[in-house]
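Results of the structural survey
Listed below, chain by chain, are the residues.
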Amino acid sequence: QVQLVESGGGLVQPGGSLRLSCAASGSFYSVNTMSWHRQAPGKERELVAAIASGGSTNYLDSVKDRFTISRDNAKNTVYLQLNNLEVDDTAVYYCKAAVRTLGLRLSEFWGQGTLVTVSS
């Protein structure tokens, strides 16, 4: 199986910044699209940002000017830079990776989530 290890969550005041990271480890052929999702209390899980293996990105409209997704293919790691955080950004953030397994099948894996709390 593939493991996704997330880090970087925590408590921050409105207007502050955090940098989340997610590293894929295990046995696989390659990591394709990687993405960040979040789920706030009482709400559905939503896509925050995604980045394809070639570098193209996609963002949730409400975070386009504040968050930046990037990746380091050599390290099989995806990052999410969160700037100008707002209270409504409070959620558990989950990393997802589309992985080409050693059997050459494309499978999706989820991290366990990291909590981002924005509060004064």
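Please refer to the structure higher up on the page.
Residues numbered from 1 in each chain as written. Predicted model: local features only at pLDDT ≥ 70, side-chain atom pairs only at ≥ 80, totals over all residues. Heavy atoms only, no water.

Description of the state of the cysteines
With the rule as written, the count across this model stands at one disulfide. Shown here is the disulfide that connects Cys-22 with Cys-95, its sulfur atoms set 2.1 Å apart. Between Cys-22 and Cys-95 the sulfur-sulfur dihedral comes to about -80°; the bridge is accordingly left-handed. On the criterion of sequence distance, the pair formed by Cys-22 in strand β3 (residues 18–26) and Cys-95 in strand β9 (residues 91–100) is long-range, its members being 73 residues apart. Of the residues examined, Cys-22 reaches a relative accessible area of 0% and is grouped as buried. (Disulfide = S-S within 2.5 Å. Helix = DSSP H or I, 4+ residues; strand = E, 2+ residues; numbered from the N terminus. Buried < 20%, exposed > 50% of the residue type's maximum accessible area, 1.4 Å probe, protein only.)

Some details on the side chain of Arg-71
Position of Arg-71 among the secondary structure elements: in strand β7 (residues 67–72). Asp-72 provides the closest opposite charge to the buried, unpaired Arg-71, separated from it by 8.1 Å. Among the polar contacts made by the side chain of Arg-71, one reaches the main-chain carbonyl oxygen of Val-31 at a distance of 3.2 Å. Here Ala-52 takes part through its backbone oxygen, which lies 3.2 Å from a polar atom of the side chain of Arg-71. With residues up to four places along the chain from it excluded, the contact list for Arg-71 reads Val-31, Asn-32, Thr-33, Met-34, Ile-51, Ala-52, Ser-53, Thr-77, Val-78 and Tyr-79. (Lys, Arg positive; Asp, Glu negative; His and termini not counted. Salt bridge = Lys/Arg side-chain N within 4 Å of Asp/Glu carboxyl O. Polar contact = N/O pair within 3.5 Å; in protein donor to acceptor, adjacent residues only side chain to side chain. Contact = heavy atoms within 4.5 Å.)

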